[in-house]
Amino acid sequence: MNRIYLDNAATTPISAEVIDAMVDVLKINYGNPSSTHSFGQEAKILIENVRRQIADYLHVSPAEITFTSCGTESNNMIIKSCVNHLGIQRIITSPMEHKCVAETVMDMKKRHGVEVVYLRPDHNGDLDWQKLEEVLQSSDKKTLVTLMHANNEIGNLIDLKKVGQICHDHKALFHSDTVQSMAHMNLDLSEIPIDFASCSAHKFHGPKGSGFAFIRKASGLKGIITGGPQERTLRAGTENVAGIVGLGKALEISLKNMEAYSKHMQEIKEYTKNQLLEKIEGVKFNGRSAEADQSLYTVLSVLLPFKDPLIGLKLDMKGIAISQGSACSSGATKPSMVMMVLLEEEEMNTTTPLRVSFSHLTTKEEIDVLISALSEVAAQFSIEKTNIEHR
Ligand code: PLP
């Protein structure tokens, strides 16, 4: 069976060029970057080259990039250190954040008594920026605002510049989980008043276990892993040289092809949307997902007009890998927090969310297979519904 992968927001297949670059490092550049001999220094140079490459992409200084093991670690480090070292007493966030932000914020509340304020999204997943200003104005507490750039379940984008400016005007620190948008969009952080951001290589055809945190130089943030002086003491531990080189190679490929890749995915997303509308009566899309200018082109969040908790399994049996929500909430019978925020209870009991997420490798033929599988399931539900009505 030819399998079809439509879960690219969970992770992407690693590219062959990335693997080659990493294997070279594993075989040849195995020196410890902290060693002063040539083996060590060669490995160190590889790391610094990637750091400079990332800094060029984001228009920041190389010293503002700290390599980590993943997006989760970057977000943990930023939020925890803001509380532990920068005296943050209040965090403003939303219920639509990824678990690694949401749980860390809750942890800061439980352990350190940090006040947490949630901005309520509307039924489209939009946040009220006027409300953000009001909340910021309402207290003198030292505040961190943490709001993700692109939502991993519905693809909704926020305007980083606008939100950053509001935070800056009210002297609050601003962190954005940019894991889904890094390397998929042009991000010029010299133009955006943002203090912290995060990245994970496996979201753009790089390796798992490799990411970085952007930490604005003047912020004074400290690391949470203590030990050696690696990453200017912000992240102790011998560096994952092959992982960092893999991240660099994946970023290079993404940036070189960004125009072509994004155009391709936008077309595929539009095609998927139109095919679904044509073939599945009553289908809807969640949040801003179906609006090209307000959502990330990699994600289409679908709301199927029937309740089928086994849809993921049924599609998997047909060789189609797809998520019902984010990877972290898939497998759970409970609806995701994002869906609970967006949908009315009645809607939740009669529909099924499905997240179709694309890469530059996704083809229209694969989408046709998905649509035909979904049409079959929809037809079964429609027959069952008619039988019940005629009983
Ligand atoms: N933030 C967002 C928005 C994500 O989608 C993910 C991964 O699903 C993460 C953070 C966590 O990244 P990682 O898998 O590198 O820990």
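Before reading further, recall that the structure is shown in the block above.
Below or above, wherever it landed, is the structure these notes cover. (Residues numbered from 1 in each chain as written. Predicted model: local features only at pLDDT ≥ 70, side-chain atom pairs only at ≥ 80, totals over all residues. Heavy atoms only, no water.)

Not every one of the 13 residues close to the ligand is listed here, only the nearest: Thr72, Asp177, Gln180, Ser200 and Lys203. At 2.8 Å, a backbone N or O of Gly71 approaches an oxygen atom of the ligand. Take His98: an N or O atom from its side chain is 3.4 Å from an oxygen atom of the ligand. Protein chains shield 89% of the accessible area of the ligand, which is 390 Å² for the free molecule. Along the lines of polarity and charge, the residues of the shell around the ligand split into four nonpolar, seven polar and two charged. (Near = heavy atom within 4 Å. Polar contact = N/O pair within 3.5 Å; in protein donor to acceptor, adjacent residues only side chain to side chain. Areas by Shrake-Rupley, 256 points an atom, 1.4 Å probe, with all protein chains shown as cover. Nonpolar A, V, L, I, M, F, W, Y, C, P; charged D, E, K, R; others polar.)

A word on the sheet that holds strand 12 (residues 352–357). Sheet architecture is open: three strands sit in the order 9-10-12, paired in antiparallel fashion. The open sheet has two edge strands, strand 9 (284–285) and strand 12, and neither has a second partner. Bridge analysis of strand 10 (residues 299–304) against strand 12 gives six bridges, and the strand direction is antiparallel. Bridge assignment links Leu304 to a residue of strand 12, and that residue is Thr352. Helix 8 (residues 258–279) contacts strand 9 and strand 10 of the sheet and is inclined by roughly 10 degrees relative to strand 10. (Pairing = 2+ DSSP bridges. Helix = DSSP H or I, 4+ residues; strand = E, 2+ residues; numbered from the N terminus. Contact = heavy atoms within 4.5 Å. Axes fitted to C-alpha atoms, helices over the stretch in contact; angles between N-to-C directions.)

The next subject is the sheet that holds strand 5 (residues 143–146). Strand order in this open sheet of seven strands is 2-8-7-6-5-3-4, and the pairing throughout is mixed. Each edge of the sheet is formed by a strand with only one pairing partner; in this case those strands are strand 2 (65–68) and strand 4 (115–118). The sheet shows a mean angle of 20 degrees between the axes of neighbouring strands, taken without regard to direction. Note: strand 7 (residues 196–200) against strand 8 (residues 211–215), five bridges, orientation antiparallel. Looking at strand 8, one finds that Ser198 is bridged to Ala213. Contacts between helix 5 (residues 129–137) and the sheet are confined to strand 3 (90–93), strand 4 and strand 5, with strand 3 contributing the most and set at about 175 degrees to the helix. Here helix 6 (residues 160–169) sits on the sheet and contacts strand 5 and strand 6 (173–176); the angle it forms with strand 6, its principal contact strand, is near 155 degrees.

Per the stated rule, a full pass over the model turns up two cavities of 30 Å³ or more. Taken as a whole, the largest cavity spans an internal volume of roughly 80 Å³. In this structure, the largest cavity is lined by Ala183, His184, Phe204, His205, Ser254, Met258, Tyr261, Met265, Tyr297, Phe358, Ser359 and His360. It is helix 8 that provides the largest number of residues to the lining of the largest cavity, a total of three residues. (1 Å grid on protein atoms, 1.4 Å probe; cavity = no way out; pocket = protein on both sides within 12 Å on 5 of 7 lines; lining within 4 Å. Points joined across faces, edges and corners; volume = space filled by probe spheres on them.)

So, on to the environment of Lys222. Note that Lys222 resides in the loop between strand 8 and helix 7 (241–256). Along the chain, Lys222 and Cys82 lie 140 residues apart, while their C-alpha atoms are 8.4 Å from each other. Sequence-distant contacts of Lys222, defined by excluding residues within four places in its chain, comprise Ser81, His85 and Leu234.

This next bit is on the pairing of strand 5. Neither face of strand 5 is left uncovered, since the one carrying Thr143 and Val145 and the one carrying Leu144 and Thr146 both have all their residues buried. Inspection of the sheet shows strand 3 paired to strand 5 by three bridges, in the parallel sense. Looking across to strand 5, one finds that Arg90 is bridged to Thr143. Pairing between strand 5 and strand 6: three bridges, direction parallel. Within strand 6, the position partnered with Thr146 by the bridge is His175. (Buried < 20%, exposed > 50% of the residue type's maximum accessible area, 1.4 Å probe, protein only.)

So, on to the pattern of salt bridges. As a working rule, side chains carrying opposite charge can pair if their charged atoms are close by. Summed over the entire model, instances satisfying the criterion amount to 17 salt bridges. Residue Arg355 is joined to Asp7 by a salt bridge in which the shortest nitrogen-to-oxygen separation is 3.2 Å. A residue pair is termed long-range when its members are at least 10 positions apart, and Arg355 in strand 12 and Asp7 in the loop between strand 1 (4–5) and helix 1 (16–28) qualify at 348 residues. Glu376 is the partner of Lys318 in a salt bridge, and the nearest nitrogen-oxygen pair spans 3.0 Å. One end of the pair, Lys318, is in the loop between helix 9 (311–317) and strand 11 (320–321); the other, Glu376, is in helix 12 (residues 364–390), with 58 residues separating them in the sequence. Look at Lys318 and you get partly exposed, because its relative accessible area is 35%. One network of salt bridges, in which partners are shared, links Lys44, Glu48, Arg51 and Glu231. (Salt bridge = Lys/Arg side-chain N within 4 Å of Asp/Glu carboxyl O.)

Everything listed here is a matter of coordinates, which is why it stays silent on function.
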